[in-house]
Amino acid sequence: MAVPVLVLVLLPALLTGLFLRPGAVASVPPACYKYGVPGCPRDYNPVCGTDGKTYSNECVLCLSNSENKKYVQIFKMGRC
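The notes below deal with the structure included here. No experiment lies behind these values; they were computed from the predicted model shown.

**Here we look at the pattern of salt bridges**
Summed over the entire model, instances satisfying the criterion amount to one salt bridge. Taking the shortest distance from any N to any O, the salt bridge between Glu 58 and Lys 34 comes out at 3.8 Å. Taken together, the residues span a long stretch of sequence, with Glu 58 in helix H2 (residues 58-68) and Lys 34 in the loop between helix H1 (2-20) and strand E1 (47-49) at a distance of 24 residues. Owing to a relative accessible area of 15%, Glu 58 belongs among the buried residues under this scheme.

Rendered as structure tokens:
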């Protein structure tokens, strides 16, 4: 009887921590193939990366990945 109560008490805490941590839930790979030129457009369309940083647009995230040899994905559209 104590085990189900413990699960009911701990489960919400575990799920809350999981959803508040960027990269812990499903993410979307950036569509870097769209940006063939060396520079990025200056439009402000922020994306939140799985590294917890806000990028001014998807292209800037792609450029950062290329320059830093990383593979940060899009955690969500908008600011982190």
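**Thoughts on H2**
Residues Glu 58, Cys 59, Leu 61, Cys 62, Ser 64 and Asn 65 constitute the buried set of H2. By the N-cap criterion, in which a side-chain oxygen at the helix start approaches the backbone nitrogen of a residue two or three places on, H2 is capped by Asn 57, the distance to Cys 59 being 3.1 Å. In the stretch just after H2, Lys 69 is the one whose phi turns positive, near 50 degrees.

**Here we look at the state of the cysteines**
Inspection of the entire model under this criterion finds three disulfides. The disulfide partner of Cys 32 is Cys 62, and the S-S distance across this bridge is 2.0 Å. Across the disulfide from Cys 32 to Cys 62, rotation about the S-S bond amounts to roughly -90 degrees, and the bridge is consequently left-handed. Of this pair, Cys 32 sits in the loop between H1 and E1 while Cys 62 sits in helix H2, placing them 30 residues apart in sequence. In this structure Cys 62 comes out as buried when scored by relative accessible area, which is 9%.

Definitions and cut-offs
Residues numbered from 1 in each chain as written. Predicted model: local features only at pLDDT ≥ 70, side-chain atom pairs only at ≥ 80, totals over all residues. Heavy atoms only, no water. Salt bridge = Lys/Arg side-chain N within 4 Å of Asp/Glu carboxyl O. Helix = DSSP H or I, 4+ residues; strand = E, 2+ residues; numbered from the N terminus. Buried < 20%, exposed > 50% of the residue type's maximum accessible area, 1.4 Å probe, protein only. Polar contact = N/O pair within 3.5 Å; in protein donor to acceptor, adjacent residues only side chain to side chain. Disulfide = S-S within 2.5 Å.

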